[in-house]
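# Remarks on the overall topology
Here's the letter readout for the chains.
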Amino acid sequence: QVQLVESGGGLVQAGDSLRLSCTFSRLYHMGWFRQAPGKEREFVAAINWSYGYKDYADSVQGRFTISIDTAKTTLYLQMNSLKPEDTAVYYCAATHNWITGNMSTPRRYTYWGQGTQVTISS
């Protein structure tokens, strides 16, 4: 069983930055998703820990950066130039299996954290 615990969410203004963290108990390929009220869970970013390959949703490309510190067993999501439409609960997720170009679907991931709220005011 893999345990994932997110932290770092909060309320900030548009244009500000936040860094989310997700501690994990075992190392897998990791991803970040988000879910706004009344909307489906959507892909944000993913990372293949063994090759360092990263993938981003178009909506966050150039603003968000996913990274992983294997020594600290922590996944990060650095979020810059935040917009009100980035408001959501953010979840980290983990999977055994990486398929390049096909990691944006929630069902690809086996383990999920409890989520952390990110709210961006305009």
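Small disclaimer: the values here were computed from a predicted structure and weren't measured. (Residues numbered from 1 in each chain as written. Predicted model: local features only at pLDDT ≥ 70, side-chain atom pairs only at ≥ 80, totals over all residues. Heavy atoms only, no water.)

### Section: the packing of aromatic side chains
- Enumeration over the complete set of coordinates arrives at six aromatic pairs.
- Arranged with centres 5.1 Å apart and planes meeting at 80 degrees, the rings of Phe-33 and Tyr-109 form a pair that is edge-to-face. Here the residue Phe-33 occupies a position in strand β4 (residues 29-35), and Tyr-109 occupies one in the loop between β9 (88-95) and β10 (111-112), the gap between them amounting to 76 residues.
- A relative accessible area of 0% places Phe-33 in the buried class.
- Following the ring pairs from residue to residue traces out a cluster consisting of Phe-33, Phe-43, Tyr-109 and Trp-112.
- Lying over the aromatic face of Tyr-91, Arg-41 brings its terminal NZ or CZ to 3.8 Å of the ring centre. (Phe/Tyr/Trp six-rings, centres within 6.5 Å; stacked < 30°, edge-to-face > 60°. Helix = DSSP H or I, 4+ residues; strand = E, 2+ residues; numbered from the N terminus. Buried < 20%, exposed > 50% of the residue type's maximum accessible area, 1.4 Å probe, protein only. Lys NZ or Arg CZ within 6 Å of the ring centre and 35° of its normal.)

### Some remarks on the sheet that holds strand β8 (residues 74-79)
- On the basis of which strands lie adjacent, the open sheet formed by four strands has the order β1-β3-β8-β7 and antiparallel pairing. Strands with a single pairing partner mark the edges of an open sheet, and in this sheet they are β1 (4-7) and β7 (64-69). Looking at each pair of strands side by side, their axes are set apart by 15 degrees on average, direction ignored.
- As judged from the six bridges shared by strand β3 (residues 18-24) and β8, these two strands associate in the antiparallel manner. (Pairing = 2+ DSSP bridges. Axes fitted to C-alpha atoms, helices over the stretch in contact; angles between N-to-C directions.)

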